[in-house]
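The lines below spell out each chain.
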Amino acid sequence: AQSVTQLGSHVSVSEGALVLLRCNYSSSVPPYLFWYVQYPNQGLQLLLKYTTGATLVKGINGFEAEFKKSETSFHLTKPSAHMSDAAEYFCAVNLNDMRFGAGTRLTVKP
Amino acid sequence: NAGVTQTPKFQVLKTGQSMTLQCAQDMNHNSMYWYRQDPGMGLRLIYYSASEGTTDKGEVPNGYNVSRLNKREFSLRLESAAPSQTSVYFCASGVSGGYTFGSGTRLTVV
């Protein structure tokens, strides 16, 4: 079975501060891992993905994530938060179909 | 380039009524999916279709039926709506490397 756990349903940072959203996965084989972002009243948009190869993955809007097999983690980071980053973020794992974490709502304070 | 189109965007049903949610994609994907999104639970897979003519149950299929009408279209039917089916429904299409989502249908069952 595959699943993802997102640590923290709400994260609040100040504008310009580091963003760190945590995701751990459970999978019996190396999975494909994803981060999606959802802005209010919209569908999900792919932020970045890890399939094979380099473990540090860069995505859109300055976000990146690192696949750490030893820690079964795929945490999302951004060095400097912007007000426009406020949204809900979902980690997902895909072996046969996409399974999502519960989501982390990011608030950015001015 | 429309991507994934869902209709309707909003719907209010009375308990026991039926309705069909429509989804169409123009990306020539074989696989299509229906998810529901509830607060604090992320997205849960209802049904998916790996190819035209095939459908399979996901995590939460009870109370739903689906039809893969052709390669482009994948509909979700609620035969007898219940308040527990109040949710936001998302259709998606794609491959293991990432999905494209529609903008969602907000359904309220009273």
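For the structure, check the block above.
The residue numbers shown here count from 1 along each chain, following its written sequence. The lettering of chains begins at A and the numbering of ligands begins at 1, in the order of writing. This being a predicted model, a pLDDT of at least 70 is required before a residue's local features are given, and a value of 80 or more before pairs of side-chain atoms are given or counted; all residues contribute to the totals for chains, interfaces and linings. To get the side-chain values, all heavy atoms of the structure are used, and hydrogens and water are removed first.

Numbered from the N terminus, helices here are DSSP runs of H or I no shorter than four residues, and strands are runs of E no shorter than two. Secondary-structure assignment places Val-4 of chain B in strand E1 (residues 4–7). Contacts are assigned to residue pairs that have any heavy atoms within 4.5 Å of one another. Excluding anything up to four places from it in sequence, Val-4 of chain B contacts Cys-23, Ala-24, Gln-25, Met-27, Cys-91, Ser-93, Thr-100, Phe-101 and Gly-102 of chain B.

This part takes up the nonpolar core. Here, nonpolar core means buried Ala, Val, Leu, Ile, Met, Phe, Trp, Tyr and Cys residues that are tied together by side-chain atoms lying within 4.5 Å of each other. Burial status follows relative accessibility: with a 1.4 Å probe on protein chains alone, a residue under 20% of its type maximum counts as buried, one over 50% as exposed, and anything between as partly exposed. Core analysis: the largest hydrophobic core is formed by 26 residues, its most contacted members being Trp-35, Leu-48, Phe-74, Leu-76 and Tyr-89 of chain A. When residues of this core are traced back to their parent elements, those giving at least two are strand E2 (10–14), strand E3 (19–26), strand E4 (32–38), strand E5 (44–50), strand E7 (64–68), strand E8 (73–78), strand E9 (87–94) and strand E11 (104–109) of chain A. Other than its neighbours up to four places away in sequence, Tyr-89 of chain A contacts Gln-6, Leu-21, Trp-35, Tyr-36, Val-37, Leu-47, Phe-63, Leu-76, Gly-103, Thr-104 and Leu-106 of chain A. One finds Leu-21, Phe-74, Leu-76 and Cys-91 of chain B within the second-largest nonpolar core, a separate group that totals 19 residues.

Over the atoms a probe the size of a water molecule is rolled, and this reveals where empty space is left. Computed from the structure, the largest pocket encloses a volume of approximately 570 Å³. As for the largest pocket, its lining consists of 28 residues, of which Gln-38 and Asn-41 of chain A together with Gln-37, Val-88 and Arg-106 of chain B are closest to the centre. Residue assignment for the lining of the largest pocket shows that the elements contributing at least two residues are E9 of chain A together with strand E9 (87–95) and strand E11 (105–109) of chain B. Each residue gets one label: Ala, Val, Leu, Ile, Met, Phe, Trp, Tyr, Cys and Pro are nonpolar, Asp, Glu, Lys and Arg are charged, and the others, such as Gly, are polar. Along the lines of polarity and charge, the residues of the lining of the largest pocket split into 9 nonpolar, 14 polar and 5 charged. Both cavities and pockets are sets of points on a 1 Å grid over the protein atoms alone; in a cavity a 1.4 Å probe fits but cannot get out, in a pocket the set is open with protein on both sides within 12 Å along at least five of seven lines, and lining residues sit with an atom within 4 Å of a point. Grid points are joined across faces, edges and corners, and a volume is the space filled by probe spheres set on the points.

So, about the interface of chain A and chain B. It is common to give the size of an interface as the accessible area that goes away when the parts come together. Contact residues are listed per partner, giving 18 residues for chain A and 20 residues for chain B. Once two parts are put together, the accessible area they lose, assessed with a 1.4 Å probe and summed over both, is termed the buried area. Contact with chain B buries area across many residues of chain A, yet Leu-44, Arg-99 and Phe-100 of chain A alone supply 29% of it, more than any other trio. What counts as a salt bridge is simple: a side-chain nitrogen of Lys or Arg found within 4 Å of a carboxyl oxygen of Asp or Glu. Our count for the chain A to chain B interface comes out at 1 salt bridge. A salt bridge links Arg-99 of chain A to Glu-59 of chain B; the nearest nitrogen and oxygen atoms lie 3.8 Å apart. Every element with two or more residues in the side of chain A that touches chain B is listed here: E4, E5, E9 and strand E10 (98–100) of chain A. The biggest single contributor to the side of chain A that touches chain B is E4 of chain A, with 4 residues. Of the residues in the side of chain A that touches chain B, the class split is 9 nonpolar, 6 polar and 3 charged.

Residue and element names in this part refer to chain B. Paired strands, in this sense, are two strands between which DSSP finds at least two bridges. The strand order E1-E3-E8-E7 describes an open sheet built from 4 strands, whose pairing is antiparallel. If you trace the sheet from one side to the other, it starts and ends with E1 and strand E7 (64–68), each paired once. Strand after strand, the sheet turns through a mean of 15° between neighbouring axes, direction not considered. Across 5 bridges, E7 lies against strand E8 (residues 74–78) in antiparallel orientation. The residue bridging Ser-67 from the neighbouring strand is Ser-75, located in E8. Axis definition: a line fitted to C-alpha atoms, limited for helices to the stretch in contact. Angles are taken between N-to-C directions and run from 0 to 180 degrees.

Paired rings are identified among Phe, Tyr and Trp, the last through its six-membered ring, by centres lying within 6.5 Å, and are further divided according to the angle between planes into stacked (under 30 degrees), edge-to-face (over 60) and tilted (the rest). Applying the stated rule across the entire model yields 15 aromatic pairs over all chains. Ring geometry for Phe-100 of chain A against Tyr-35 of chain B: centres 5.4 Å apart, planes inclined by 90°, an arrangement best described as edge-to-face. Taken together, the positions of Phe-100 of chain A in strand E10 and Tyr-35 of chain B in strand E4 (residues 32–37) put the pair across two chains. We classify Phe-100 of chain A as buried; its relative accessible area is 9%. Taken together, the ring pairs in this structure connect Phe-34, Tyr-36 and Phe-100 of chain A together with Tyr-33, Tyr-35, Tyr-48, Phe-90, Tyr-99 and Phe-101 of chain B into an aromatic cluster.

Just geometry here; none of it tells us what the structure is for.
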